[in-house]
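# Commentary on secondary and tertiary structure
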Amino acid sequence: MTSADNNGTSRGIASFLVCAAMFAASFAGAVARADNPPTDAIGVIEGEAISIEGPMNVEVVRGQVKTVLRSGSDVHVKAGQARIDLVDGGQIMICGPAHFSMFRAGGAITLALDSGTIHAVIGSEVSLNIYTPQIQARPISIGNGAEDVLVGWDSAGAMCIRANKGAVRLEQQLTGQTVLVPQTGDVSLTNGQIESLRAAAGHCVCAVQTVMKPMTPGTELSQLATKDDIKKKPAESKSPQENPVPPAPSEEPVYQIFMPPLQYDAKAKVQADFDPNLIILVRRVRVRPTLIFQGRVEGDPVVARAASPAQAAKSSSAPQPPPEASTWTRVKTYFRKLWSPST
């Protein structure tokens, strides 16, 4: 082997090692990105019908594809529900149709709610500010406990706020008025005015789901029937039905088509067509049977009676009609009338 061949082989090995190192670095970077979300990451969102605009990451976490919201993400929940698992802990449930945007500045999360209803369950270490077009709502922890708040709009268009755990501070963005909704408080506002604050129990509903509905239907594995299932099946089929209704006979004709099987030859460039004359159309109809009467006639029977001697004599004395004249007699009568002097 010459020195030139040795140099070419060395360069090939060096190039292979460089490519392998780059691939390993990119793979390690991808794993690092999946396990370590970016600093502006807010949380992982899941939903049945959602659309996201703006910054986001689609990553593989433990073999599952996840969508990570980042600061500036704009989310539309078209129908159903969506859930956000915050990277700082806790979750936010969104009941659609809804539209909101999320921002992160330092350790605080801002949620700008345009429509829909949200239900946030977070810890005391998470700072969440909820902005609506006129009202700012900020959950407040009591005794470093968890916070469970609900903010949204009811069917009448009034804004509703519920503090299940902790309190909620409301601030009117135009006038600067503030009010504190205590724990277990459930209030509503009309046109975003603090003066219209009133108690309204149960106007907004958005339950937190621990398990979301899967995006795609799962695989169903069939199982063999057990002995009990096999014994139960004939018992159900033999059980008498209550008031069985006999099926009505079909009066419509039934058409059936018989045709030769289709063939495909992968080696042939042109597939052979079958003869259309071999197609047979069969029409099946039910012939109505001839009507046959079976039974007996009801009523009094008619009995023939023998005639008495008086009735027989009366019938014999009655004038009998003259016998019908023969053809020759009628001819002679005609000529006699023809040549008689009276005519």
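For the structure given in this document, a descriptive report is provided here. (Residues numbered from 1 in each chain as written. Predicted model: local features only at pLDDT ≥ 70, side-chain atom pairs only at ≥ 80, totals over all residues. Heavy atoms only, no water.)

## Quick look at the overall build of the protein chain
Scanning the protein chain from terminus to terminus reveals 4 helices and 16 strands. Looking at the protein chain as a whole, 24% of its 343 residues qualify as buried. Residue pairs at least 24 apart in sequence account for 50% of intrachain contacts in the protein chain once pairs closer than 6 positions are excluded. Carbon and sulfur atoms make up 58% of the accessible area of the protein chain, which amounts to about 25400 Å² in all. (Helix = DSSP H or I, 4+ residues; strand = E, 2+ residues; numbered from the N terminus. Buried < 20%, exposed > 50% of the residue type's maximum accessible area, 1.4 Å probe, protein only. Contact = heavy atoms within 4.5 Å. Areas by Shrake-Rupley, 256 points an atom, 1.4 Å probe, with all protein chains shown as cover.)

## Considerations on a nonpolar patch on the surface
Residues Tyr255, Ile257, Met259, Leu262, Phe274, Ile279 and Leu281 make up a contiguous nonpolar surface patch of roughly 740 Å² in combined accessible area. Tracing the sequence through the fold places Phe274 in the loop between strand S15 (254-258) and strand S16 (280-284). (Patch = residues over 30% accessible without salt bridge, like charges linked within 9 Å, V, L, I, M, F, W, Y side chains within 5 Å. Salt bridge = Lys/Arg side-chain N within 4 Å of Asp/Glu carboxyl O.)

## Re the environment of Phe100
Among the secondary structure elements, Phe100 is positioned in strand S5 (residues 91-105). When the C-alpha positions of Phe100 and Ala112 are compared, they lie 5.4 Å apart, and in sequence the two are 12 residues distant. Setting aside anything within four residues of it in sequence, one finds Phe100 in contact with Ser73, Asp74, Val75, Val77, Ile84, Ile94, Leu111, Ala112, Leu113 and Asp114.

## What to know about the pairing of strand S13 (residues 186-189)
The side-chain alternation of S13 yields two buried faces, one formed by Asp186 and Ser188 and the other by Val187 and Leu189. When strand S10 (residues 159-165) meets S13, the two strands line up antiparallel, connected through 4 bridges. Pairing of Met159 across the sheet is with Leu189, part of S13. Relative to strand S14 (residues 198-199), S13 runs antiparallel, the two being bridged by 2 bridges. (Pairing = 2+ DSSP bridges.)

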